[in-house]
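What the coordinates show
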Amino acid sequence: MSTVLYIPGDSAALALGADEVAHALKVEALARKLDLTIIRNGSRGLFWLEPMLEVVTPAGRIAYGPVTPGDVPGLLADNFLHGDKNHPLYLGKPEEIPYLKNQERLTFARCGIIDPTDIEDYIAHDGYRGLKNATGMQGADIVDAVTESGLRGRGGASFPTGIKWKTVLGCESDQKYIVCNADEGDSGTFADRMIMEGDPFLLVDGMTIAGLAVGATKGFIYIRSEYPDAYRLMEQAIVSANRKGYLGPNVMGSGKAFDLELRLGAGAYICGEETSLLESLEGKRGMVRAKPPLPAIKGLFGKPTVINNVLSFVAVPTILDKGAAFYKDFGLGRSRGTMPLQLAGNIRHGGLVEKAFGITLRQVIEEFGGGTASGKPLRAVQVGGPLGAYFPDALLDTPLDYEAMAAAKGMLGHGGIVVFDDSVDLSLQARFAMEFCAIESCGKCTPCRIGSTRGVEVIDRIRNDENRQKNIELLADLCDTMLDGSLCALGGLTPFPVQSAIRHFPEDFNRPSAAKRAAAE
């Protein structure tokens, strides 16, 4: 009887040598005449343990990691195929590892468990149950369930998903569209990629439900060009779903049609903004559109369009399967459900943590992340991507929910958390924010295009101790102009990291210039 092994095909695991481990296992199995079946699953999100190898035993799946190709002969010699507990790489049952055990995995319940290329494996693990329920419901009832769940967009604006869907449902049109923003470009974020590589049918499932809800028959997934593995796996999932009748002219025998296509982005950060993404989908240069009209009314090709990101769509199947009340029971206040948080930067245990809204930033960093990788004191944490605010230690007890983060002059965004130790210079980080905006701006509006360029120059003058106080005042005025006058969130949010750096770390903007330090020496 063949022994089943799981080795992640997730990009993070591949970068750490998962393919080499799989090849070594095949070579050793052939040499030792062992009957092995190797399944390339997604990652469970414990990146410091990747590549994490799992073997199916009578007691369940047993994990070992991080495994290198050089470890393979010793593993096979030490009876690991039967769950050897004495091997130094032994981790036990994955679900009992505290990092995983202490999470609430709704969206990522299957990620790392199933074969992402096998639709039957997805179905066997409760996949398509939400879609089955949706096929027997009126569109308005589906929208009501999503609204009642409290689901909000898992991006910068955090707009209630049900309200957006209701707007599209109420529009009269000969064609409506569902568009998934999978152009995950924020620093420290990788949840979209993990889902597309580890549980791609979930995204197909959620987008199909959205199509049935609002009367859309066509959907597009816009994937960033840096995600070739995600693109390949999503492509396979769409083919399988069509073949099995979960996509196409008669979804699950409902008489309702829904088709999906993939589009590869062109490497522009601005195309993560929804209207710029729509321009790109239409074959144009990715430039921001003025609003109104909203995309829900006049979106792709001028038609009513639901546009959400990956994490928003993949939350929907759970809501339609287990009910709005079940989903709403997680979280607090106006932040309902769970949020996949991504730990990156100077962190000992980087990876994905899915928790109900309300856990504090400190709890995530210390209880899951294990503190800084360098062992030095933590100094700053940036939440919400390159346009997110920098939080000092005094704000680490802020709950991770939309309102609490806004009250602390920050944003949760896509859930990216980047940690810095005490070697960081926040004046340089502020400069990076302005420089990033200048590089990535589409150029359509003056506050973003010119303001970011001037911002770099002003911060350089501050760092060089040139009329420091006047330039700090000028920088504050510039940030206000960008906040109030930018056409989209790129220019409108760039001041967040700059203002937070000045507010919480003023000493980094008051250091003697290099020239003055040299003169003093």
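Residues numbered from 1 in each chain as written. Predicted model: local features only at pLDDT ≥ 70, side-chain atom pairs only at ≥ 80, totals over all residues. Heavy atoms only, no water.

1. A look at helix 7 (residues 139-149)
All of the buried residues in helix 7 are Gly 139, Ile 142, Val 143, Ala 145, Val 146 and Ser 149. In a view along the axis of helix 7, the buried residues occupy a sector of 155°, so they form one face of it. Residue Gly 150 follows helix 7 closely and has a positive phi angle near 85°. (Buried < 20%, exposed > 50% of the residue type's maximum accessible area, 1.4 Å probe, protein only. Helix = DSSP H or I, 4+ residues; strand = E, 2+ residues; numbered from the N terminus. Arc of directions from axis to C-beta.)

2. Let's talk about the pairing of strand 13 (residues 351-356)
Burial within strand 13 is extensive, with 6 of its 6 residues counted as buried. Both strand 12 (residues 338-345) and strand 13 contribute to a ladder of 6 bridges, which runs antiparallel. Each residue of the ladder has a partner; that of Gln 342, found in strand 13, is Leu 352. If you look at the hairpin formed by strand 12 and strand 13, you'll find 5 residues sitting between the two strands. (Pairing = 2+ DSSP bridges.)

3. Some points on the layout of surface pockets
Over the atoms rolls a probe the size of a water molecule, and in doing so it shows where empty space is left. Within this model, the largest pocket holds a volume of roughly 1200 Å³. Counting only elements with at least two residues in the lining of the largest pocket, the list comes to helix 8 (161-169), strand 6 (177-182), strand 9 (305-309) and helix 21 (489-493). With 4 residues, the top contributor of residues to the lining of the largest pocket is strand 9. Residues that form the lining of the largest pocket fall into these classes: 17 nonpolar, 15 polar and 9 charged. Computed from the structure, the second largest pocket encloses a volume of approximately 240 Å³. Met 1, Ser 2, Thr 3, Val 4, Leu 34, Val 56, Thr 57, Pro 58, Leu 76, Leu 81 and His 82 are the residues that line the second largest pocket. Among the elements of the structure, strand 1 (3-6) and strand 3 (53-57) are those that each provide at least two residues to the lining of the second largest pocket. (1 Å grid on protein atoms, 1.4 Å probe; cavity = no way out; pocket = protein on both sides within 12 Å on 5 of 7 lines; lining within 4 Å. Points joined across faces, edges and corners; volume = space filled by probe spheres on them. Nonpolar A, V, L, I, M, F, W, Y, C, P; charged D, E, K, R; others polar.)

4. What about the pattern of salt bridges?
Pairing between side chains becomes possible if they bear opposite charge and their charged atoms approach one another. Applying the stated rule across the entire model yields 35 salt bridges. Among the salt bridges present, the one from Glu 104 reaches Lys 355, with a minimum N-O distance of 2.9 Å. Separated by 251 residues along the polypeptide, Glu 104 in the loop between helix 4 (98-101) and helix 5 (119-124) and Lys 355 in strand 13 bring together distant segments of the chain. Given the relative accessible area of 24%, Glu 104 is considered partly exposed. Exposure remark for Lys 355: the relative accessible area of 14% places this residue in the buried category. With a closest N to O distance of 3.2 Å, Arg 152 and Glu 403 form a salt bridge. You can see Arg 152 sitting in the loop between helix 7 and helix 8 and its partner Glu 403 sitting in helix 17 (residues 402-407), a full 251 residues away along the chain. Arg 152 sits in the buried class, given a relative accessible area of 8%. Here the residues in one salt-bridge network are Glu 279, Glu 282, Lys 284 and Arg 289, joined through shared partners. (Salt bridge = Lys/Arg side-chain N within 4 Å of Asp/Glu carboxyl O.)

5. Quick look at the nonpolar core
By size, the foremost hydrophobic cluster in this structure holds 64 residues, and its most contacted members are Trp 165, Leu 203 and Ile 221. With sequence-adjacent residues up to four places away left out, Leu 203 is seen in contact with Cys 180, Met 196, Ile 221, Met 234, Val 310, Phe 313 and Val 314. Counting residues in each nonpolar core, the second largest holds 45 residues, with Val 424, Leu 478, Met 482 and Ala 501 among its members. (Core = buried A, V, L, I, M, F, W, Y, C linked by side-chain atoms within 4.5 Å. Contact = heavy atoms within 4.5 Å.)

6. Examining the sheet that holds strand 14 (residues 378-383)
Strands in a sheet are paired, the pairing made by backbone hydrogen bonds, and the direction either parallel or antiparallel. In space, the 5 strands of this open sheet follow the order 13-12-16-14-15, with mixed pairing throughout. Of all strands in the sheet, those bounded by a partner on one side alone are strand 13 and strand 15 (390-391).

7. A word on the sheet that holds strand 8 (residues 259-264)
Read from one edge of the open sheet, 4 strands run 8-7-6-9, paired in parallel fashion. A strand with exactly one partner marks an edge of an open sheet, and here the two such strands are strand 8 and strand 9. Within this sheet the neighbouring strands show an average axis-to-axis angle of 20°, counted without direction. Here 5 bridges tie strand 6 to strand 9, and the two strands are oriented parallel to one another. Bridge pairing in strand 9 places Cys 180 opposite Asn 308. Its contacts with the sheet put helix 10 (residues 200-214) on strand 6, strand 7 (218-223), strand 8 and strand 9, and the angle it makes with strand 6 is roughly 150°. (Axes fitted to C-alpha atoms, helices over the stretch in contact; angles between N-to-C directions.)

8. Details of empty space enclosed by the protein
Tallied over the entire structure, the rule returns 1 cavity of 30 Å³ or more. Computed from the structure, the largest cavity encloses a volume of approximately 60 Å³.

9. Some details on unusual backbone geometry
Along the chain, Gly 65 connects to Pro 66 via a cis peptide bond; the corresponding omega equals -10°. Its place among the elements puts Pro 66 in the loop between strand 4 (60-64) and helix 3 (72-77). Geometrically, the link from Lys 291 to Pro 292 is a cis peptide bond, its omega value of 0° lying close to zero. Relative to the assigned elements, Pro 292 resides in the loop between helix 12 (274-281) and strand 9. Here Met 252, not a glycine, exhibits a phi torsion of approximately 50°, which is positive. Mapping Met 252 onto the fold places it in the loop between helix 11 (228-243) and strand 8. Met 252 sits in the partly exposed class, given a relative accessible area of 28%. With a phi angle near 60°, Asp 465 is a residue other than glycine that sits in the positive phi range. As for its position among the elements, Asp 465 is in the loop between helix 19 (446-463) and helix 20 (468-485).

10. Things to note about the packing of helix 9 (residues 191-198) against helix 10
Where helix 9 contacts helix 10, the axes come no closer than 4 Å and their chain directions differ by 100°. If you check the angle between helix 9 and helix 10, you find them roughly perpendicular. Contacts between helix 9 and helix 10 involve Ile 195, Met 196 and Gly 198 from the former and Pro 200, Leu 202 and Leu 203 from the latter. The residue makeup of the contact of helix 9 with helix 10, split by class, is 5 nonpolar, 1 polar and no charged. (Parallel < 35°, antiparallel > 145°, perpendicular 65-115°, else oblique.)

11. What to know about the domain arrangement of the protein chain
Size of an interface, as often reported, equals the accessible area lost when the parts are brought together. When its domains are assigned, the protein chain resolves into domain 1 (3-101), domain 2 (119-328), domain 3 (332-421) and domain 4 (426-509). Computed over C-alpha atoms only, the centres of domain 1 and domain 3 are separated by 30 Å. Taken residue by residue, the interface counts 5 residues in domain 1 and 8 residues in domain 3. With both sides pooled, the region where domain 1 packs onto domain 3 buries about 510 Å², and carbon together with sulfur makes up 59% of that total. Looking only at domain 1, the three residues that lose the most surface to domain 3 are Phe 47, Trp 48 and Tyr 99, adding up to 84% of its buried area. Counting the contacts that link domain 1 with domain 3 gives 0 salt bridges. Of the residues belonging to the side of domain 1 that touches domain 3, the class tally is 4 nonpolar, 1 polar and no charged. (Domains from an automatic or database assignment. Buried area = accessible area lost by both parts, 1.4 Å probe.)

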